[in-house]
Structures are given as C-alpha cells and as structure tokens.
Amino acid sequence: MSSTPSLSLIHIIGSLNTDLTTYTPRIPLGGETLRATAFQTSSGGKGGNQAVACAKLSRTRALTDATATIRMIGAVGSDAHGHALLAGLQSAGVETSGVIMRNDVESGVAVVLVEEESGENRILLTAGANASLLPKQFESSLGEEQGEGAPDLVILQLEIPVETTVRILRTAREKGVDVLLNPAPAVELPSEAYEGLKHLVLNETEAVILSGCSVEALEKEETLSGVADVFHGRGVANVVITLGGKGVFFSGEGGDKGLAKAKKVQVVDTTAAGDTFVGAYALEVMKGGVGIESAVRRANEAAAMTIGKRGAQKSIPWADELS
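Source: prediction; values computed, not measured. Every chain's residues receive numbers from 1 upward, in the order its sequence appears when written. In keeping with the model being predicted, local features are shown solely for residues with a pLDDT of at least 70 and side-chain atom pairs are shown and tallied solely at 80 or more, while totals for entire chains, interfaces and linings include all residues. For the side-chain quantities, the full set of heavy atoms in the structure was used; hydrogens and water were omitted.

All right, on to the overall build of the protein chain then. In DSSP terms, a helix is any run of H or I states spanning at least four residues, a strand is any run of E spanning at least two, and both are numbered starting from the N terminus. The secondary structure content of the protein chain amounts to eight helices and 13 strands. Computed over its C-alpha atoms, the radius of gyration of the protein chain comes to 19 Å, within 12% of the 20 Å expected for a compact globule of 323 residues. Expressed as a percentage of its 323 residues, the buried residues of the protein chain come to 53%. Total accessible area on the protein chain is roughly 13500 Å²; 51% of this is exposed by carbon and sulfur atoms. Only the C-alpha atoms count toward the radius of gyration. The rule for a globule is 2.2 Å times the residue count to the power 0.38. Buried means the residue's accessible area, taken with a 1.4 Å probe over protein chains only, is under 20% of the maximum for its type, while exposed means over 50%, and partly exposed covers the values in between. Per-residue and other accessible areas follow the Shrake-Rupley method at a 1.4 Å probe size, with only the shown protein chains counted as cover for residues.

All right, on to the side chain of His11 then. Of note, His11 is situated in strand S1 (residues 8–13). For His11, the side chain forms a polar contact with the side chain of Arg71, separated by 3.2 Å. Think of a polar contact as two N or O atoms within 3.5 Å of one another; within protein, one of them needs to be a possible hydrogen donor and the other a possible acceptor, and neighboring residues in sequence only count if both atoms come from side chains.

The element strand S10 (residues 199–203) is extensively covered by neighbouring structure, given that four of its five residues are classed as buried. Strands are treated as partners if at least two bridges between them are detected by DSSP. For strand S9 (residues 178–181) and S10, the ladder comprises two bridges, and the chain directions are parallel. The partner of Leu181 across the bridge, within S10, is Leu200. Sheet topology places S10 next to strand S11 (residues 238–242); five bridges connect them, and they run parallel. Each bridged residue has a counterpart across the sheet, and for Asn203 the counterpart in S11 is Thr242.

This part covers the UniProt feature "binding site: substrate" (unreviewed entry) in the protein chain. The residues that UniProt annotates with the feature "binding site: substrate" (unreviewed entry) are Asn17, Thr18, Asp19, Gly45, Lys46, Gly47, Gly48, Asn49, Glu159 and Asp275. In this fold, Glu159 is placed in the loop between strand S8 (153–156) and helix H4 (162–175). Beyond its immediate chain neighbours, meaning those up to four positions away, Glu159 contacts Ser15, Asn17, Gly45, Lys46, Leu125, Asn130, Ala184 and Pro185. Polar side-chain contacts of Glu159 include one of 2.4 Å to the side chain of Ser15. In this fold, Asp275 is placed in helix H7 (residues 273–286). Judged by its relative accessible area of 4%, Asp275 falls in the buried class. Here Asp275 is in contact with Lys46, Asn49, Gln50, Ala53 and Asn182, once residues within four sequence places are set aside. A polar contact is formed between the side chain of Asp275 and the side chain of Gln50, at a distance of 3.0 Å. UniProt positions are given in the numbering used here, feature names are shortened, and annotations may be inferred rather than shown by experiment. Pairs of residues are marked as contacts when any of their non-hydrogen atoms sit within 4.5 Å.

In this section: the packing of aromatic side chains. Two rings belonging to Phe, Tyr or Trp (six-membered ring only in the last case) form a pair when the distance between their centres is within 6.5 Å. Interplanar angles under 30 degrees mark stacking, angles over 60 mark edge-to-face geometry, and anything in between is tilted. Under the definition given, this model contains two aromatic pairs. Measuring from centroid to centroid gives 6.0 Å for Tyr194 and Phe231, while their planes differ by 40°, and the two rings are tilted. Taken together, the residues span a long stretch of sequence, with Tyr194 in the loop between S9 and S10 and Phe231 in helix H6 (residues 221–233) at a distance of 37 residues. Look at Tyr194 and you get buried, because its relative accessible area is 2%. Centre to centre, the rings of Phe277 and Tyr281 are 6.4 Å apart; their planes meet at 10°, and the pair counts as stacked.

Pairs can form between side chains of opposite charge once their charged atoms are near each other. Note on definitions: salt bridges are taken to be side-chain nitrogens of Lys or Arg within 4 Å of carboxyl oxygens of Asp or Glu. With the rule as written, the count across this model stands at 14 salt bridges. A network of salt bridges, in which partner residues are shared, links Glu284, Lys287, Arg298 and Glu301.

A few words now on the UniProt feature "binding site: K(+)" (unreviewed entry) in the protein chain. Feature annotation in UniProt assigns "binding site: K(+)" (unreviewed entry) to the following positions: Asp269, Thr271, Thr306, Lys309, Gly311 and Ser315. Looking at the element boundaries, Lys309 is found in the segment after helix H8 (292–306). Mapped onto the elements, Ser315 comes out in the segment after H8.

Below, the discussion takes up the sheet that holds strand S7 (residues 121–126). Spatially, four strands are ordered S3-S2-S6-S7 in an open sheet, and the strand pairing comes out mixed. The open sheet has two edge strands, strand S3 (38–44) and S7, and neither has a second partner. Adjacent strand axes in the sheet meet at a mean angle of 20° when their direction is disregarded. The axes are straight lines fitted to the C-alpha atoms, using for helices just the contacting stretch, and the angles between their N-to-C directions are given from 0 to 180°.

It is worth spelling out the nonpolar core at this point. One finds Ile70, Ile155, Phe277, Tyr281 and Val296 to be the most contacted residues of the largest nonpolar core, which totals 42 residues. If you list the elements that add at least two residues to this core, you get S1, helix H1 (46–57), strand S4 (68–77), helix H2 (80–91), S8, strand S12 (248–251), H7 and H8. Excluding residues that lie within four positions of it along the chain, Phe277 makes contacts with Val201, Val240, Thr242, Val248, Val296, Ala299, Asn300 and Ala303. In terms of nonpolar packing, the next biggest core, distinct from the first, is built from 35 residues, Leu133, Phe138, Tyr194 and Phe231 among them. Only buried residues count toward a nonpolar core. Its members are Ala, Val, Leu, Ile, Met, Phe, Trp, Tyr and Cys residues joined through side-chain atoms within 4.5 Å.

Here the focus is H8. For a helix, the expected span equals 1.5 Å multiplied by the residue count minus one. Taking 1.5 Å as the rise per residue, H8 with 15 residues should run 21 Å; its terminal C-alpha atoms sit 21 Å apart, in good agreement. Turning to H8, its buried residues are Ile292, Ala295, Val296, Ala299, Asn300, Glu301, Ala302, Ala303, Ala304 and Thr306. Buried residues belonging to H8 abut H1, S11, S12, strand S13 (257–260) and H7.

Spanning 14 residues, H4 covers 20 Å between terminal C-alpha atoms, matching the ideal 20 Å at 1.5 Å per step. Looking at H4, one finds that the buried residues are Thr164, Thr165, Val166, Ile168, Leu169, Thr171 and Ala172. Residue Gly176 follows H4 closely and has a positive phi angle near 75°.

As structure tokens, then:
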C-alpha cells in the first residue's frame, strides 16, 4: 500500500499477540474448576488492535475510500500465530512491511478470561517476539527512509520494552513527529517521556499510577482537571482519561476540557474497546480543525460498538458502520 498526498500516514509501533479467549459465567476461584461457555483464538495485542482500529475506521468494509495509510511496526515469530497475525492486519488494510518475522522466538500470546455477566476481562501476557524489539529497528521509520517522509502521527503503548518506547519518544521529539502514547499496561516512565508529547490517552487505573493522584481524584470533574494538569505540567499537550461507564475526561492544549458521557450499550466483551477508542481518536485529530471534544465523542461511539461484540479485532467497526 502506498501513501498519497491526501492521506495521513500513521505508524503504530507496538505489540502483536494471539488472543486465546475463554468466556465464563464468572472467574473461577483459586483451585476451582468451572465449565466455560465458549473459546476462541483471534488476533490481538494492543499495537495490533490499534493498527486495525485505525485501518478499519479509516475505510469501508470494501477497503475503499481510505482517509489514512496505516503502517504496523512490530515483531512476530515465524510460527502459525505469526502468519495469522500478519494476515489479520493485511485483511483490515494495514501495511505490514515494518513487521519483522523472527525464527528464534515465538509470537506473543495473551490468555484472556471474559466474565460474561459483566463483560470485563482479565489478561495474562507472554511477550514472545514483542520483547525483542530494539530502538534501532524503528528509528528509520521516523525519517525518510521509507520513501514517503516521516509519519504524521506515531502511536505507542507499553507492551514492548519500555526502553524501546522511551527511545522512540525521544527520536520522534527530535524529528518533530507527533506522538500519541497509550501507557498500557502502566509502568513508571522517566520525565522525558512526557516532554513534548502531543496526546496522552490512558484509563483511570493508569492515571492513578502515573500521576500519583488518589483514586478519589478521578471521581469528580473538578478534581479530574487537577489530574490532567499533572500531565500538562510534565509537557503533555492533550490529556484524555477514559473512565469506563462514567465517560471520558478530556483536557486539550487550547484550554477545552470537560467530561463526555459514556454511551449506554449492552456490554458483551470489553476486549479492544480501549484500543478502538485510541484508533478513532487518532483518526479524528488527524483531520485538522477537529476539536478534542469532537474527537473524544467520535472515539466513544466507536468503542461502544466494539464492546457490544465478542472478540478483539473482529469486533472493531468499519468506517461505514459508524453513523
């Protein structure tokens, strides 16, 4: 897939995992055995999910009318899972020349338990090839070596080595490339990770861990503003905190801030809902002239559709499925 001048170029640098998902009426207790109601194997990983979200939400189901070129940069093993992960990305319209297939390590795997009553999930990750990613493998992707110039936006998460993420953030800052960081799963980051960061999208658990604020500070809109200010003070332009059923708090570089209500839907499976939000938000802010509130509301709509279906990437809607 090649870029055209009218298309935004978005690079997603991150994890690619095969999801082994079991659906159960409730999570078993220690030493307890329960009968599950269903099991499925599917493509996942926060990096892969966000790449698919960007790709599907930027084009129709027929892979036409694209508004962005989406490139995935990551690593998989040369096993059955690795080949399936690549095929899944490509079927959604993601460009995969930046994905390394390794012979010396297996693909990443996520064991997912979904509690049917609540739709909530619990996940165990085995990094596999994702842990092999080195900064030098990606620095060229932020320059002009790809023949199409630097990307308009880089999306990062924390399912690859933290030192790799921090190095990419530094390189992007030096080259003037905007970055959206989704710090999941949350780990302490050096102060330089936030300097000049264009977009920080995180959930309430991540906000508590990374800001040092109390859980209570996330319960009221007036104190949520203080949590966002912690990140603004570190150099972040736009802060978005997802709060589950309570909605999404946003605080933009232009001074716009507020709480966008969550859309009420039947929760089936929350897997990939946050990744769908990130993808939809990224596409909206790339349009130009779209305010942070509008981008958040569009992302909320896309995420709501995802949690109404089972699975990760297959539950993410296409552009022509959104109103």
